[in-house]
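Fold and geometry: a report
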Amino acid sequence: MIRSIKDVEEVILKFKEAPKVYFKDLKPSMLKEDLSCVYAIIDSNNDKTLYVGRTTKLRRRLYTNHLQGNTSTARLKKYILEDDVNFKNIETLQ
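Residues numbered from 1 in each chain as written. Predicted model: local features only at pLDDT ≥ 70, side-chain atom pairs only at ≥ 80, totals over all residues. Heavy atoms only, no water.

**Focus: the pairing of strand S2 (residues 49-55)**
With six bridges connecting them, strand S1 (residues 37-42) and S2 associate as antiparallel partners. Counted as the bridge partner of alanine 40 is valine 52 from S2. The loop that links S1 with its antiparallel partner S2 comprises six residues; one of these, aspartate 47, has a positive phi angle of about 60°. (Pairing = 2+ DSSP bridges. Helix = DSSP H or I, 4+ residues; strand = E, 2+ residues; numbered from the N terminus.)

Right, dumping it as structure tokens:
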């Protein structure tokens, strides 16, 4: 339970020091079935945070909500594909 600013700072530090996993290297089998966590999706080119979320099922959230499907159901995918300034080289087959 977080009780003070110091507790919040410790949580943020742990989050920043956690190992990074890149989408290009990620396989669904690498994630536990019911992994509950707070996660961040960060642009590997500039370390800019694109999305921070929390979930009780990380594998399902990443693959269903963020990566698969059309842009009306995969919100992060939609934002990246529609951002011609920061992601001008991304194309999709829909």
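Here the narrative resumes.
**So, the nonpolar core**
Counting seven residues, the largest nonpolar core consists of Leu26, Leu31, Tyr39, Ile41, Leu58, Leu62 and Tyr63. For this core, the leading source of residues is helix H2 (residues 58-67), giving three residues. (Core = buried A, V, L, I, M, F, W, Y, C linked by side-chain atoms within 4.5 Å. Buried < 20%, exposed > 50% of the residue type's maximum accessible area, 1.4 Å probe, protein only.)

**Comments concerning the pattern of salt bridges**
One pass over the structure, following the stated rule, counts three salt bridges. A salt bridge links glutamate 33 to arginine 59; the nearest nitrogen and oxygen atoms lie 3.1 Å apart. One end of the pair, glutamate 33, is in the loop between helix H1 (5-17) and S1; the other, arginine 59, is in helix H2, and 26 residues separate them in sequence. For the salt bridge of lysine 57 with aspartate 34, the shortest nitrogen-to-oxygen distance reads 3.1 Å. One end of the pair, lysine 57, is in the loop between S2 and H2; the other, aspartate 34, is in the loop between H1 and S1, and 23 residues separate them in sequence. (Salt bridge = Lys/Arg side-chain N within 4 Å of Asp/Glu carboxyl O.)

On their own, these measurements won't tell you what the molecule is for.
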